[in-house]
Amino acid sequence: MKPTLSELAVGQNIGSRSIDVTRTDLVKYAGASGDFNPIHWNEAFATGVGLPGVIAHGMFTMGSAVQLVSDWAGDPAAVVDFQTRFTKPVPVSDTTGTAGAVIEVSGAIGALDAEAGTARVDLTVTSAGQKVLMKAQAVVRLA
Amino acid sequence: MTINPDLQGRSYPAKEVYDVGREKIREFARAVKATHPAHFEVDAAKALGHSDLVAPPTFAIIVAQRADAQLIEDPDSGIDFSRVVHADQRFIHHRPIVAGDRLVAELHVDGVRAMGGGAMITTRSEIFAVAAGAATDAAREAVATATSSILVRGEGQ
């Protein structure tokens, strides 16, 4: 069932999810996106430039966080505008068999625009208790 | 090395065409842990009214970062890539990106602001679809606008 604009209210939750991240995920994202910056896969390089260790691509976090919205909307193409600020890095530990980091995503309706036929979903995205994205907003076109 | 303040207002014209393939959409979707069938099954995408597999909402970053590379790799820009931090990102979709699209990106440097010893640089990629066999400057359709700010950290930042 796709959500309809008239049945939504500002403040309503659209759900939440927890995303396990491993170093393998970062290597896969590097390959899929073409972003091979070594801070996302090379520990020595990352610490050498003052980072706590290998960190996730900001675009990995942004791209995985929006899946909650795609699935809720029923069509990924309904997301017509999506923005965020990257406020804190997501360090990903070198693990085997367990997550190297966990990203927690939840979404709520931030605004409704009946004229434009859109709803704005505000995402709260945290890892290790810290907000890693700010002003993460997805505008969704709904019937 | 310092950031060239004259970068503001500079544009880089569309270069090579990016062909959006089904397997690339699937690969990117898996990489961002997307599971919606419209990224994987043509029939599911068609059932939603799309002509082919639909790209995830952040897929345009592939095309935008290729365009950004022109600026970062421009020896005249003064940007040290190892000191670049992604500060913010926005995608405005004028229409969905689907498999079979032939995309080109025109890059505009909208802002250059000194911050400490570094600089915040805002770029905008205007992404267009071009018809098969058409030159990049032929009739084109607006597909997405990707805006990105990068912070180039100064020495000791």
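All values derive from a computational prediction rather than experimental measurement. (Residues numbered from 1 in each chain as written. Chains lettered and ligands numbered in written order. Predicted model: local features only at pLDDT ≥ 70, side-chain atom pairs only at ≥ 80, totals over all residues. Heavy atoms only, no water.)

Draft legend 1. Examining the overall build of chain A more closely. Scanning chain A from N- to C-terminus turns up four helices and six strands. Tracing chain A from N to C terminus, the helices and strands come up as β-α-α-α-α-β-β-β-β-β. Along the three orthogonal principal directions, the C-alpha set of chain A runs to about 50 × 30 × 25 Å. Burial status across chain A gives 51% buried among its 143 residues. Roughly 6,200 Å² of accessible area belongs to chain A as shown, and the carbon and sulfur atoms make up 52% of that amount. In chain A, 10 positive and 13 negative side-chain charges are present, and the distance between their average locations comes to 4 Å. (Helix = DSSP H or I, 4+ residues; strand = E, 2+ residues; numbered from the N terminus. Buried < 20%, exposed > 50% of the residue type's maximum accessible area, 1.4 Å probe, protein only. Areas by Shrake-Rupley, 256 points an atom, 1.4 Å probe, with all protein chains shown as cover. Lys, Arg positive; Asp, Glu negative; His and termini not counted. Charge placed at Lys NZ, Arg CZ, Asp CG, Glu CD.)

Draft legend 2. Region of the structure containing the packing of aromatic side chains. For the structure shown, the criterion picks out four aromatic pairs over all chains. When the ring of B:Phe28 is compared with that of B:Phe59, the centres are 5.4 Å apart and the planes differ by 75°; the resulting orientation is edge-to-face. Of this pair, B:Phe28 sits in helix H1 (residues 22-31) while B:Phe59 sits in the loop between helix H2 (42-47) and helix H3 (61-72), placing them 31 residues apart in sequence. Classification of B:Phe28 by relative accessible area gives buried; the value is 0%. Of the aromatic side chains, those joined through ring pairs into one cluster are A:Tyr29, A:Phe60, B:Tyr18, B:Phe28 and B:Phe59. The aromatic ring of B:Phe128 is capped on one face by B:Arg140, whose charged end is 3.8 Å from the ring centroid. (Phe/Tyr/Trp six-rings, centres within 6.5 Å; stacked < 30°, edge-to-face > 60°. Lys NZ or Arg CZ within 6 Å of the ring centre and 35° of its normal.)

Draft legend 3. Structural view of the interface of chain B and chain A. Counting residues at the interface gives 32 residues for chain B, matched by 34 residues for chain A. For the pair chain B and chain A, the summed buried area comes to about 2,700 Å², and 58% of that belongs to carbon and sulfur atoms. Counting across the chain B and chain A interface gives two salt bridges. The residue B:Arg90 makes a salt bridge to A:Asp81 at a minimum N-O spacing of 2.5 Å. Put simply, chain B and chain A have eleven residue pairs in polar contact (both at pLDDT 80 or more) between them. (Contact = heavy atoms within 4.5 Å. Buried area = accessible area lost by both parts, 1.4 Å probe. Salt bridge = Lys/Arg side-chain N within 4 Å of Asp/Glu carboxyl O. Polar contact = N/O pair within 3.5 Å; in protein donor to acceptor, adjacent residues only side chain to side chain.)

Draft legend 4. Quick look at helix H3 (residues 58-65) of chain A. Counting buried positions along H3(A) yields seven of eight residues, so the element is predominantly enclosed. Those residues of H3(A) not exposed but buried are A:Met59, A:Phe60, A:Thr61, A:Met62, A:Gly63, A:Ser64 and A:Ala65.

Draft legend 5. Structural context of the side chain of B:His39. Positionally, B:His39 belongs in the loop between H1 and H2. Within the local environment of B:His39, its side chain forms a polar contact with the backbone oxygen of B:Val54, the two atoms lying 2.7 Å apart. Excluding its chain neighbours within four sequence positions, the residues that come into contact with B:His39 are A:Gln67, A:Pro76, B:Ile25, B:Arg26, B:Ala29, B:Ala34, B:Leu53, B:Val54, B:Ala55 and B:Pro56.

Draft legend 6. Focus on the pattern of salt bridges. According to the stated counting rule, one finds 17 salt bridges over all chains in the structure shown. For A:Glu43, the salt bridge goes to A:Arg23, with nearest N and O atoms at 2.6 Å. With A:Glu43 in helix H2 (residues 43-48) and A:Arg23 in helix H1 (residues 23-33), the pair connects residues that are 20 residues apart, well separated along the chain. Note that B:Glu106 is salt-bridged to B:Arg140, the shortest N-O span being 3.0 Å. Here B:Glu106 is found in strand E4 (residues 102-115), whereas its partner B:Arg140 is found in strand E6 (residues 140-152), with 34 residues between them in sequence. Residue class for B:Arg140 comes out partly exposed when judged on its relative accessible area of 35%.

Draft legend 7. How the structure looks around H1(B). Regarding H1(B), the residues found buried are B:Ile25, B:Arg26, B:Phe28, B:Ala29 and B:Ala31. Buried residues in H1(B) make contact with H1 and H3 of chain A together with H3 of chain B. Two residues or fewer after H1(B) comes B:Lys33, characterised by a positive phi angle close to 60°.

Draft legend 8. How the structure looks around the pairing of strand E5 (residues 118-130) of chain B. Residue and element names in this part refer to chain B. Counting buried residues along E5, eleven of its 13 residues qualify, which places the element largely inside the surrounding structure. Two elements, E4 and E5, share twelve bridges in a ladder whose sense is antiparallel. Looking across to E5, one finds that Leu 107 is bridged to Ser 125. With antiparallel pairing between neighbouring strands as the criterion, E4 and E5 make up a hairpin whose turn holds two residues, including Gly 116 at a positive phi of roughly 60°. Here E5 runs beside E6; their pairing, made up of twelve bridges, is antiparallel. Along E6, the bridge assignment pairs Phe 128 with Ala 142. (Pairing = 2+ DSSP bridges.)

None of this, on its own, says anything about what the molecule does.
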